[in-house]
Number of protein chains: 2
Amino acid sequence: MPKLVYDFAEGNKDLKELLGGKGANLAEMTNLGLPVPPGFTISAEACKVYLATGSVPAELADEIDHHVDALQQKMGKKLGQADDPLLVSVRSGAAVSMPGMMETVLNVGLNDDSVNGLAHQSGNARFAWDAYRRLIQMFGKTVLGMEGDVFEDAIEAAKQAKGTRNDLDLDADDLEALVGTFKAAVREHTGRDFPQDPREQLDLATEAVFGSWNSERAILYRRQERIAADLGTAVSVCSMVFGNLGMDSGTGVAFTRDPSSGQPGVYGDYLQNAQGEDVVAGIRNTVPLADLEQIDRTSYDALMEIMATLEGHYKDLCDIEFTVERGKLWMLQTRVGKRTAAAAFRIATSLVDEGMIDTDEALRRVKGAQLAQLMFPRFDSDASKELITKAIGASPGAASGKVVFTSAAAVEAADRGEKVILVRRETNPDDLHGMIAAQGILTSRGGKTSHAAVVARGMGKTCVCGADDLDVNVAAEKVTVNGTTFGPGEVISIDGTTGEVFLGEVPVVPSPVVQYFEGSLAPDAGDELVAAVHRLMTHADEIRRLGVRTNADTADDAARARRFGAQGIGLCRTEHMFLGERRESVERLILSENAAEREAALAELEPLQRGDFLELLEAMDGLPVTIRLIDPPLHEFLPSMEDLAVKVALAKERGEEPGHEVKLLAAVQRLHEQNPMLGLRGVRLGLMIPGLFAMQVRAIASAAAELRKAGKDPRPEIMIPLVGAIQELQLARDEVERVLAEVAANATPAGATVTTEGGAGADEGGVGAGGGDAIADRGGVEWSTPIGTMIELPRAAVIADQIAEAADFFSFGTNDLTQTTWGFSRDDVEGSFFSRYLEKGIFAVSPFESIDREGVGSLVRTGVERGRATRPDLKLGICGEHGGDPDSIHFFHEVGLDYVSCSPFRIPVARLEAGRATLD
Amino acid sequence: MPKLVYDFAEGNKDLKELLGGKGANLAEMTNLGLPVPPGFTISAEACKVYLATGSVPAELADEIDHHVDALQQKMGKKLGQADDPLLVSVRSGAAVSMPGMMETVLNVGLNDDSVNGLAHQSGNARFAWDAYRRLIQMFGKTVLGMEGDVFEDAIEAAKQAKGTRNDLDLDADDLEALVGTFKAAVREHTGRDFPQDPREQLDLATEAVFGSWNSERAILYRRQERIAADLGTAVSVCSMVFGNLGMDSGTGVAFTRDPSSGQPGVYGDYLQNAQGEDVVAGIRNTVPLADLEQIDRTSYDALMEIMATLEGHYKDLCDIEFTVERGKLWMLQTRVGKRTAAAAFRIATSLVDEGMIDTDEALRRVKGAQLAQLMFPRFDSDASKELITKAIGASPGAASGKVVFTSAAAVEAADRGEKVILVRRETNPDDLHGMIAAQGILTSRGGKTSHAAVVARGMGKTCVCGADDLDVNVAAEKVTVNGTTFGPGEVISIDGTTGEVFLGEVPVVPSPVVQYFEGSLAPDAGDELVAAVHRLMTHADEIRRLGVRTNADTADDAARARRFGAQGIGLCRTEHMFLGERRESVERLILSENAAEREAALAELEPLQRGDFLELLEAMDGLPVTIRLIDPPLHEFLPSMEDLAVKVALAKERGEEPGHEVKLLAAVQRLHEQNPMLGLRGVRLGLMIPGLFAMQVRAIASAAAELRKAGKDPRPEIMIPLVGAIQELQLARDEVERVLAEVAANATPAGATVTTEGGAGADEGGVGAGGGDAIADRGGVEWSTPIGTMIELPRAAVIADQIAEAADFFSFGTNDLTQTTWGFSRDDVEGSFFSRYLEKGIFAVSPFESIDREGVGSLVRTGVERGRATRPDLKLGICGEHGGDPDSIHFFHEVGLDYVSCSPFRIPVARLEAGRATLD
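Sequence order as written defines the numbering, with residues in each chain counted from 1. Whichever chain is written first becomes A and whichever ligand is written first becomes 1, with later ones labelled in order. Confidence filtering applies because this is a predicted model: local features only for residues at pLDDT of at least 70, side-chain atom pairs given and counted only at 80 or more, and all residues used for totals across whole chains, interfaces and linings. The basis for every side-chain value is the complete set of heavy atoms in the structure, and neither hydrogens nor water enter the calculation.

Enquirer: I tried to follow the packing of aromatic side chains on my own but got confused; where do I start?
Expert: How two aromatic rings sit relative to each other is given by the distance of their centres and the angle of their planes. For Phe, Tyr and Trp, rings pair up if their centres lie within 6.5 Å, where Trp contributes its six-membered ring, and each pair is then called stacked (planes under 30 degrees apart), edge-to-face (over 60) or tilted (otherwise). Considering all chains together, one arrives at 50 aromatic pairs over all chains under this definition. Relative to phenylalanine 824 of chain B, the ring of tryptophan 822 of chain B has its centre 5.3 Å away and its plane inclined at 15°; by these criteria the two rings are stacked. Both residues of the pair, tryptophan 822 of chain B and phenylalanine 824 of chain B, count as buried. Aromatic ring contacts, followed pair by pair, group Trp822, Phe824, Phe833, Phe834, Tyr837, Phe843 and Phe848 of chain A into a single cluster. Comment: the charge-over-ring label is applied if NZ (Lys) or CZ (Arg) is within 6 Å of the ring centre and within 35 degrees of the ring normal. Lysine 328 of chain A extends its terminal NZ or CZ atom over the ring of tryptophan 330 of chain A, reaching a point 4.8 Å from the ring centre. Exposure is judged per residue with a 1.4 Å probe applied to protein chains only, and the accessible area is read against the type maximum: over 50% gives exposed, under 20% gives buried, and values in between give partly exposed.

Enquirer: Please explain the interface of chain A and chain B as it appears in this structure.
Expert: Accessible area lost during the coming together of the parts is what is often quoted as the interface size. By the convention used here, residues are in contact when the closest approach between their heavy atoms is within 4.5 Å. In this complex, chain A contributes 60 residues to the contact, which on the side of chain B involves 59 residues. Taken over both partners, the interface formed by chain A and chain B buries close to 5,200 Å², and the fraction arising from carbon and sulfur atoms is 59%. What makes a salt bridge here is a side-chain nitrogen of Lys or Arg within 4 Å of a carboxyl oxygen of Asp or Glu, nothing more. Measuring nitrogen to oxygen at the nearest pair gives 2.7 Å for the salt bridge that ties arginine 795 of chain B to aspartate 852 of chain A. Whenever a nitrogen or oxygen atom comes within 3.5 Å of another N or O atom, the pair is scored as a polar contact, on the condition that within protein one atom can donate a hydrogen and the other can accept it, and that pairs from neighbouring residues in sequence are kept only if both atoms are in side chains. Taken together, chain A and chain B are joined by 24 residue pairs in polar contact (both at pLDDT 80 or more). Secondary structure elements are taken from DSSP: a helix is a run of H or I of four residues or more, a strand is a run of E of two residues or more, and numbering for both begins at the N terminus. Of the residues forming the side of chain A that touches chain B, the biggest block, seven residues, is contributed by helix 24 (residues 641–653) of chain A. Under the scheme applied, nonpolar residues are Ala, Val, Leu, Ile, Met, Phe, Trp, Tyr, Cys and Pro; charged residues are Asp, Glu, Lys and Arg; polar residues are all the others, including Gly. Its residues assigned to classes, the side of chain A that touches chain B comprises 26 nonpolar, 16 polar and 18 charged. The term buried area means the drop in 1.4 Å probe accessible area that two parts suffer when joined, counted for both and summed.

Enquirer: How should the UniProt feature "active site" (unreviewed entry) in chain A be read in this particular structure?
Expert: Residues and elements named next belong to chain A. UniProt records the feature "active site" (unreviewed entry) for His451 and Cys879 in the present numbering. For the annotated residues, spread through 429 residues, the largest C-alpha to C-alpha distance comes to 26.4 Å, inconsistent with a single compact locus. Following the sequence through the fold, histidine 451 ends up in helix 18 (residues 451–459). Using a relative accessible area of 8% as the deciding quantity, one classes histidine 451 as buried. Looking at the element boundaries, cysteine 879 is found in the loop between strand 32 (875–878) and helix 36 (886–895). Note on cysteine 879: relative accessible area 3%, which makes it buried. Contacts of cysteine 879, omitting those with residues within four sequence positions, involve Asn551, Gly570, Leu571, Met719, Met790, Ser811, Phe812 and Ser901. UniProt positions are given in the numbering used here, feature names are shortened, and annotations may be inferred rather than shown by experiment.

Enquirer: Hey, could you run me through the pairing of strand 31 (residues 809–812) of chain B in this one?
Expert: Looking along a regular strand, one sees side chains alternate from face to face of the sheet. Residues and elements named next belong to chain B. Burial along strand 31 is two-sided: the residues Phe809 and Ser811 and Phe810 and Phe812 are all buried. Whether two strands pair depends on DSSP finding at least two bridges between them. Strand direction decides the pairing type here: strand 31 and strand 32 (residues 875–878), joined by four bridges, are parallel. Looking across to strand 32, one finds that phenylalanine 812 is bridged to isoleucine 878.

Enquirer: Explain the sheet that holds strand 10 (residues 328–336) of chain B to me, please; I cannot follow it from the model alone.
Expert: Think of a sheet as strands paired side by side through backbone hydrogen bonds, with each pair either parallel or antiparallel. All names here are of chain B. One open sheet accounts for five strands, arranged 8-7-6-9-10; its pairing is antiparallel. The sheet is open, and its two borders are formed by strand 8 (287–288) and strand 10, each paired with just one other strand. Note: strand 9 (residues 318–325) against strand 10, eight bridges, orientation antiparallel. Bridge pairing in strand 10 links glutamate 321 to glutamine 333.

Enquirer: Looking at this structure, how should I read the environment of glutamine 201 of chain B?
Expert: Residue and element names in this part refer to chain B. Residue placement: glutamine 201 occurs in helix 8 (residues 198–212). By relative accessible area, glutamine 201 is classed as buried at 0%. It is 55 Å that separates the C-alpha atoms of glutamine 201 and threonine 820, two residues lying 619 residues apart in sequence. Apart from the residues lying within four places of it in its own chain, the contact partners of glutamine 201 are Val108, Gly109, Leu110, Leu135, Phe139, Phe194, Pro195 and Gln196. Of the polar contacts made by the side chain of glutamine 201, one reaches the backbone oxygen of leucine 110; its length is 2.9 Å.

Enquirer: Please explain the environment of methionine 75 of chain A as it appears in this structure.
Expert: Residues and elements named next belong to chain A. The residue methionine 75 is located in helix 3 (residues 58–75) in this model. On the basis of relative accessibility, which here comes to 27%, the residue methionine 75 falls in the partly exposed class. In this structure, the C-alpha to C-alpha distance between methionine 75 and serine 239, residues 164 residues apart in sequence, is 8.4 Å. Beyond its immediate stretch of four places on either side in the chain, methionine 75 contacts Pro38, Leu86 and Ser239.

Enquirer: Got a minute to help me understand the relation of the copies chain A and chain B in this structure?
Expert: The second copy of the chain is related to the first by a rotation about an axis and a shift along the axis. For these two chains of identical sequence, chain A goes onto chain B by a turn of 179° and a shift of 0.1 Å along the axis, with RMSD 0.2 Å. The superposition operator between the copies reduces to a two-fold rotation axis. Taken together, the interface assignments show that 98% of the residues at the interface of chain A recur at the interface of chain B, consistent with an identical surface on both copies. The copies were overlaid with a least-squares fit restricted to C-alpha atoms from residues scoring a pLDDT of at least 70 in each copy.

Enquirer: Honestly, the packing of helix 22 (residues 583–591) of chain A against helix 23 (residues 595–619) of chain A in this entry has me stumped. Any pointers?
Expert: Packed helix pairs are specified by the crossing angle of their axes together with the interaxial distance, meaning the distance between the axes. Residue and element names in this part refer to chain A. Angles run from 0 to 180 degrees between N-to-C directions of axes, and those axes are lines fitted to C-alpha atoms, restricted for helices to the stretch in contact. At a minimum axis separation of 8 Å, helix 22 and helix 23 run at an interaxial angle of 160°. Of the possible angle classes, the one that applies to helix 22 and helix 23 is roughly antiparallel. The way helix 22 lies across helix 23 gives a crossing that is left-handed. Where helix 22 approaches helix 23, its residues Ser585, Val586, Arg588, Leu589 and Leu591 are matched on the opposing element by Glu597, Arg598, Ala601, Leu602, Glu604 and Leu605. Residues belonging to the contact of helix 22 with helix 23 are distributed by class as follows: six nonpolar, one polar and four charged. Note on terminology: angles under 35 degrees are roughly parallel, angles over 145 are roughly antiparallel, angles of 65 to 115 are roughly perpendicular, and the others are oblique. Two helices that cross are described as forming a left-handed crossing if the nearer one is turned anticlockwise from the farther one by less than a right angle, and a right-handed crossing if clockwise.

Listed below in structure tokens is the structure:
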């Protein structure tokens, strides 16, 4: 059995797995010579044994004896010593912060005898009895599992008897009486007396901390956060110091920089004559930390020096908890502090300027999610706002609109061009249309995993949820909140980042970070945040290996993405070009009954497609543009079968001639599929409908030829969707090559060279390196059109070695791959059971948001390995929505893809994370 | 470069890859001392070089020179020798038979000079000119790529000029004139003269054979049959012998046993004064082989001795081609002969009785597909039948019914209880309902991969297709065939095995093999086929490692499967128990708006389910019964949204009160999913609808408890469907265990032991070994209920190591796994593009019929490996339809599953193939 207990002097900050975050940082501060009250940490190893066997290891008692002895020796007093007791705190602390676990028991070591010694030593009987009261209360709740109300009710009764509402009005006698009441409650609830042996108190508290690792809440939290179930928690035992011994004592929290703005300079709060829990309880008001300079100059100076030491040591913003006991400063905790997104960027670059960290480290310190936050529009902070409540910011953004209570009302208002906020107690799948129609969603129930939250995030729609101050009465169509009432037609504004809800319309200001990316705000224009973002983006671009492309179907999107830094298009969905006014031609294509009709419909579509590609290729001139041939089932272009059936039935009933609808209904019924996601689509369509792929390829190739003639540098890449078998790809590729050769034969001047194979390799070489000129050896009229495929079916990943024989590139379609690997369709399940799955911890995050590394990711890895085994220079990208998700980007870097492709707005996040991924 | 050309004396029958089937067997016969005309074989290696480089290897010419010299020396005459030319045949021959390739050029070595020498030597000028004519014709077609009509037309013209319709009436002069015409045609079509140099003829023919490997037909054939593209073909060059030198010459084919019945005794045909191609052309009638004894006793005796030698040597039925040239017998080819299903069984057991092979080898010689053929009902062979045509037997079985021409008519007739045969030119997805309603399908177009054939096989429906004698006129509702006309209402009968079509109803006789399996015909009752089947089934059962279970939902099916040899139930689909009169309770469950309503609906269903399980467990008493908890989406139990919408709209239009339908429509719309296959089903339903799984488990456990009380031995196993994540399975398992413990607590007498974990391991031990008592240490009331899961999602296979932590067994659901791995839904695609995919060679066989080893199989293998890595004693089975497919069974044996489960009727096939798999 290894060592189980460590004196604070024996640990350091890197031993978090063993000593927990708290214990490791207490040890670090001890070794830095900072004033930490002596103590020791019982390691997580001991907890693991407890969890595995149900009892603490036999050796633990001896080790604790040994450390308690040493502590008593050092402090010159003993646990339970009647005239001058040593008191200790017992605190849980795992390697990762776990709010689901028991936190702290203070004042362990007090009993019926030693309470008098403490009173005598402190010269403060009220303090001593209050400390004993606190011990029994905390011990009762967290160790003995009693209801907190038992104790709160007793305190309330004591205050009522005294005729006061303030705890401080209870004097020593009152508190001594309360202790009696508490002890009786313990006896009643547990069948035994409150333990008088301090060592028994310590052992029971330790065991309770160990046991709290497997509390229901902790298990659920771990499942949701994907924290290993067998890590266990450490227990830190620390000698007590008191901030509540009089006005020369106090307690506070502080940050070494402003965690909100990131500005240099300490920042914090102080409360005289108080313990930490009093600060949390918020009974009295704290004063700014700066006031401590007046109150206790010595402690203030010591604190400033310590904070400088800590920042220099941790090389980051630290947050600390401290206590002053009768003019002596004690450090109770430190850790690298949380901060806002803006602060993260500013602190990271400031630390570089201050020489504390290098730019790589600065980049590690900022996250794509933080950058994304900075890119959402915000409410104008200078505008006057009427805050009505603050709840959970479930899906970021800022939205204003008229209140509606039903999906139907939302849809109607949206049809009239009005902006609305859908307000519900909670949402369910029936609300989907309303959620789509609304600017934002506000619910009074549910957390970040509620239906509203999950669906809104999936849509990128602003959402605030769990606003339990709101009394939402859908039937009466009104909301009451803190005395205010509002109803349909009234405008509210919701901030999906902060969770704030305002009455009335609040003006929205654009994000300066977006203005910078758009090019309308220069990085050196004086905005410090923008300057910081610029520095770190530049560094990310320099070091990243992954290229970043965009998913874009229009020239506008392509141009925007290019401004945002896209190095090409990774996915152009051509099916979007079959909508709108072109629907009629598509209808003719689908209804065609012979080759002539089919060809006529295709001939109508070809010039339109050609025009689309002209614009798109021109917008991305000089950069690769991956064009996916048509993918969805054709009946997506036809009206709903249900609506048509009703129309036809009603027309018959009325004796009218339904005409066209009858033919349409027959076609829709013929093409109807039980599961269109798993039906006739992608390459299957291309192989079944003669001329469809050829029409698209002709449109692409002739658009490119025209641009080349005009001196441009179009670089189309043709992508075949939904391939499951090498034979499918080979047949489609044969046709694509045939059409490319035909168009080239018509368009190529004598002597020019056209190639279709192997081009992707050359084309992408420069992109990974950061977006230089992609083709080194480009001649005057020499060009190539790489032909590749989506890997979006499990089978394609499994037989990627075969597929690679006919593909110049793979693009992993992780949306569809997630659907088929898990066997669920995003349309159907995200609204129906994902919220419950997230609640139950089956998912930590929706697999459509962040790549499921174990399942889908494993298939991606298989696809990469097998594909490259056949063709080492195979170009590999990903164009599912995961391409813009930070965690997924690190995974794609790790498995060796060449580029990610994402929506234009997520390009900056992808660039940043691609850079960060190289530092993993 | 290795040796490229082999004298017949240098090869043997095991060198098929090198010498092709023909060459290897010619070598074998040569070395057996049989009279094979001398010759040599150019190996497939030479072809591979040709295919890779586009030209024959440089060394080949020298090697051929050497072998030609040796041959000339042996034969005492030279190629092209003017007075007595050596003639050779040039024949292609790959390791596997490839009908898509060029077959043969005869008489190579003839030219304008040597034709006269041949005339002189044979004393038969007509013969010589006919031989020359044949050479130019075959050479023109197969080597020079000319259209066959060119030659046929010229022969036709010559006969017309002569006023005859018989080739034999053309004399030497006519044939000499025809040679002139043919040569002119060659010159016209190719721009050069017919090559006079015999060596050039030989080289061009060789190169043409090599090139034919990559003809379009050959490529398609290989793609469909999954033959490697780079095998290449060998070329056998054999000195010519002639069966057409007079009445003392002739040619024939023979079998060493009757390939139709399997009865001992030679069997064959002989044609005097003819070459092999004349037999094929069918111009004159052959005589039975026995007649040769009268015609040429010496040759006959020699042939009998040779056939005995060959059968003794190959230890199997051989088929041979031979020629008698002026009284001298020559062997031109032999191979192991094809045979009928019945013959396969009888020959295999006869050979055992004759001491030629052992029983293992006999089992290798019969196939599950043959056994399946023997189990289909057949038309009574003694009944008088009016055969109207014979086409392709596309889906076996025998069916009679009235002719219908449309799907609608088929459905209407079926609704009236009438049996119909759907007759179409070809079918398309619109005919699906009609195909379901009909007893059988008959088409005039398309082959074994046509839409009709594919869909019919998928349904197990009798189908004859490609009956191109039929003139099907759907508009006029009549069929004309060889002068007979029939129409709607007239009865026809189709045999899906033989492809025969009869007018009128033909009585069907049951299969004696099925009677044997059913127990109504004893194996020693005198039916030789049944005796043979019994012997080989018994042996298969003795040696197989795979257990064979059945998929059955009712006690009747279970009982039948048990008679057929099932060792338990591998899949009971409980959703079938929610249909019929129970639909109303299910509707109430779905429409329930609160817990009370839901629980009431579940309470209605529980006793019904309990009754189902009582019957099922009793029918399988003592054997494992794997019960899958409810799997499909609930809205499958509701009416169609389209129909309801029309009903509601019409009711509104008429001013009626639609009532219940409105509520139903709302529910159907709420539950509607775009892709129900990928929606809320399986374990997802169980986790979302409180009490649903618990109700089913309670029904199972209490049924089992009741049977145990009655002294029975029920062995339920509970299976959770559609698991993708370990958390899902763990949550479901927790609930199942809770309910099992509850029921056990109520039902268990004091002292009994109930376990739920690890039971599967013990339970299945005996099954693999052939179905002995499954639990060795079974006590009075000790039992266990294994809990396992389906592996039917790619993700489940990939994370099988995790899943195995909470599963006592896996059952691979290869139907759903095929759907998700390929990303297609069987309902949607089998009728829409599978036939085209089969035609194009993308599939060799539907992946729903036979397991896709490369894709789906790879995931099964992953699931097995990872599952057993976690839990070495994990019980593994498969319950998709592949469980009854012969090729798939070999795969499941190979990857190490414990059992397969299939429909009752396929149990015998599965037993046979499971036995055969151990011999692989």
